[in-house]
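These are the residues of each chain, in order.
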Amino acid sequence: MGLVRSVCLLVTFLSYVVISVHGQATRVGFYSTTCPTAETIVRNAVTAGFNSNPRIAPGILRMHFHDCFVLGCDGSILISGANTEQTARSNVNLRGFDVIENAKTQLEAACPGVVSCADILALAARDSVVLTRGISWQVPTGRRDGRVSLASNANNLPGAGDSVAVQQQKFSAVRLSTRELVVLVGGHTIGQAGCGAFRNRLYNSTTGPADTTIDPTLLAQLQTQCPQNGDASVRVDLDTGSGTTFDTSYYNNLSRGRGVLQSDQVLWSDPATRPIVQQLMSPRSTFNAEFARAMVRMSNIGVLTGANGEIRRVCSAIN
C-alpha cells in the first residue's frame, strides 16, 4: 500500500506542478488545447511499434537518455546525416527512430507545426516503460527542438566501462544526484548491450576473466553468447532472466555478481552506491516511484522553450 500511495501522490503532484530545471520550464498538459490528442497519438504509435518488435521499448528509453545528456532534451539525437549524434559510437545501435517518425507524421496530419520531436521522445520513453509493465507518470511537455546535432558532442555520454566516480561526475554535470544515477541506470532492467561493450570482462586474463566479480554461471553463459572472436554486435540482456519486464530484478542481479556491464556491476561494489542498490532491491522498494520522478527531472535537462529552438516538420532534419 505504501508504494501505491507514493505513486498516487507522485502522479497528483506532477499533474499540477510546473517543472523547472536549469531555469527553463515545461508543464503537464501543454498541448491540451492546441493538440489534445497528442499523447494518444504517440502512445498508439509506440504500441504499434512495440507489437511489431518489443525491443524498441528499451531502445526508445535509451534514446531519450542519450538525447538529454547531450545539449539537453532537444530531440537532437533524432537528426540524421553525416557527423550527427546518431553516428557517434555510443549511439550507432539505438533503435526506435522509425516509431518516433511515425508518431510525428501522424501528429503533423492532426496538428501541423505544434508538437515537438523532443516532446514525442519524452512521451514515447514513458510509454515504453508502461508497455514493459513499468510505472506510468505525467510527462511535462512544452520542449522545442534543437538545431544542432554533432557526433563530437556525444563523446561524454556515460559509458559501459565507467567507474562510479566517473558516472557521478557525468550525472552531476547535468544536476542529477548519485541516487538519481542509480535509479535511472535501473532502466537497464529492459535493456540490451552488444558483446563488444563488455567482452573485455570475459577474456582479458590468462588465468581467468578480467573481472573476477562476475558470477561463474553468468560468465559461462556470456562466453557462450559472446565468443572471444565472435560478432561484437550480438546483443545480450542486461537484466539476465528478466530482460523484457520493467522490474527490480536488475538490482538483485547486481548483488549476485550478475551485472553484465562493468558500469553496472560497480554500483554494487562501490560503497557510495551499494546502499542505494540494496534499498531499491528490497521487498519494500520504491524504485518505480523514484524512477518516474527521476525521469521527469532528467527529461527537463536544458530544455528549449518559448521562442528558442523550433518545431521540426520531420524529426530527422531541421527545418
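Definitions and limits used
Numbering of residues starts from 1 in each chain and follows the order in which that chain's sequence is written. Where local features are concerned, this predicted model is filtered to residues with pLDDT of at least 70; where side-chain atom pairs are given and counted, the filter is 80 or more; whole-chain, interface and lining totals use all residues. In computing side-chain values, all of the structure's heavy atoms are included and hydrogens and water are not. An automatic or database domain assignment supplies the residue ranges for each domain. Between two residues, a contact is recorded if the distance between any of their heavy atoms is within 4.5 Å. Buried area, as used here, totals the accessible surface that two parts lose on assembly, with accessibility defined by a 1.4 Å probe and the loss added over both. Polar contact is the term for a pair of N or O atoms within 3.5 Å; when the atoms are in protein, one must be able to donate a hydrogen and the other to accept it, and sequence-neighboring residues count only if both atoms are side-chain atoms. Three classes are used, and their members are as follows: Ala, Val, Leu, Ile, Met, Phe, Trp, Tyr, Cys and Pro are nonpolar, Asp, Glu, Lys and Arg are charged, and the others, Gly among them, are polar. UniProt positions are given in the numbering used here, feature names are shortened, and annotations may be inferred rather than shown by experiment. Each helix corresponds to a stretch of at least 4 residues labelled H or I by DSSP, and each strand to a stretch of at least 2 residues labelled E; elements are numbered beginning at the N terminus. When two cysteine sulfur atoms are found within 2.5 Å, that pair is recorded as a disulfide. A simple rule labels every residue: compare its accessible area, found with a 1.4 Å probe on the protein chains alone, to the largest value its type can have, and call it buried under 20%, exposed over 50%, or partly exposed in between. Grouping buried Ala, Val, Leu, Ile, Met, Phe, Trp, Tyr and Cys residues that are joined through side-chain atoms within 4.5 Å yields what is termed a nonpolar core. Note on definitions: angles span 0 to 180 degrees between N-to-C directions of axes, and those axes are lines fitted to C-alpha atoms, for helices only across the stretch in contact. For classification purposes, an angle smaller than 35 degrees is called roughly parallel, one larger than 145 roughly antiparallel, one from 65 to 115 roughly perpendicular, and anything else oblique. Take the far helix as your reference; a near helix turned counterclockwise from it by less than a right angle gives a left-handed crossing, and one turned clockwise gives a right-handed crossing. Looking at any residue, its pLDDT shows the predictor's confidence there, from 0 to 100.

(A) Looking closely at the domain arrangement of the chain. Along its sequence, the chain is carved into domain 1 (37-157) and domain 2 (164-291). Here the C-alpha centroids of domain 1 and domain 2 sit 24 Å apart. Taken residue by residue, the interface counts 17 residues in domain 1 and 18 residues in domain 2. When domain 1 packs against domain 2, close to 1500 Å² is buried across both sides, 61% of that on carbon and sulfur atoms. Applying the counting rule to domain 1 against domain 2 returns five residue pairs in polar contact (both at pLDDT 80 or more). Within the side of domain 1 that touches domain 2, the residues separate by chemical class into nine nonpolar, four polar and four charged.

(B) Quick peek at the UniProt feature "binding site: heme b" (unreviewed entry) in the chain. When the UniProt feature table is mapped to this numbering, "binding site: heme b" (unreviewed entry) covers His188. Mapping His188 onto the fold places it in the loop between α7 (178-185) and β3 (192-194).

(C) Looking closely at the state of the cysteines. For the structure shown, the criterion picks out four disulfides. A sulfur-sulfur separation of 2.1 Å characterises the disulfide bridge that pairs Cys35 with Cys111. Here the S-S torsion is close to 75°, and the disulfide linking Cys35 with Cys111 is therefore right-handed. A residue pair is termed long-range when its members are at least 10 positions apart, and Cys35 in the loop between β2 (24-27) and α2 (38-52) and Cys111 in the loop between α4 (97-110) and α5 (117-131) qualify at 76 residues. Assigned by exposure class, Cys35 and Cys111 land together as buried. Between the sulfur atoms of Cys117 and its disulfide partner Cys315 the distance amounts to 2.2 Å. Residues Cys117 and Cys315 are joined by a disulfide whose S-S torsion is about -95°; by sign, that bridge is left-handed. Taken together, the residues Cys117 in helix α5 and Cys315 in the segment after α13 (287-298) connect sequence positions 198 residues apart. The cystine pairing of the chain, numbering bonded cysteines in sequence order, is 1-4, 2-3, 5-8, 6-7.

(D) Spatial organisation of the nonpolar core. One finds Trp137, Leu267, Phe291 and Met298 to be the most contacted residues of the largest nonpolar core, which totals 72 residues. In terms of residue count, α5 provides more of this core than any other element does, eight residues in total. Summarising the domain contributions, this core has at least three residues from each of domain 1 (37-157) and domain 2 (164-291). Not counting chain neighbours up to four residues away, the residues in contact with Trp137 comprise Arg126, Val129, Phe291, Ala292, Met295 and Val296. Ranked by size, the runner-up nonpolar core spans 14 residues in total, among them Tyr203, Ile214, Cys226 and Val260.

(E) Highlighting the packing of α7 against helix α12 (residues 274-281). It is the contact of α7 with α12, at a shortest axis distance of 10 Å, that shows an interaxial angle of 50°. Relative to α12, α7 is oriented oblique. For α7 against α12, the interelement crossing comes out right-handed. Residues Thr178, Arg179, Val182 and Val183 of α7 pack against Ile276, Val277, Gln279 and Leu280 of α12.

(F) Spatial organisation of the confidence of the model for the chain. The pLDDT averaged across the chain works out to 91; a share of 91% of its residues lies at or above 70. The low-confidence segment residues 1-23 (pLDDT under 50) makes 35 contacts with residues lying over four places distant or belonging to another chain.

(G) The arrangement of the environment of Met63 in detail. The residue Met63 is located in helix α3 (residues 56-68) in this model. Of the residues examined, Met63 reaches a relative accessible area of 0% and is grouped as buried. Separated by 14 residues in sequence, Met63 and Ile77 place their C-alpha atoms 7.3 Å apart. Contact partners of Met63, with chain neighbours within four places excluded, come to Ile77, Leu78, Leu94, Arg95, Gly96, Phe97, Ile100 and Leu121.

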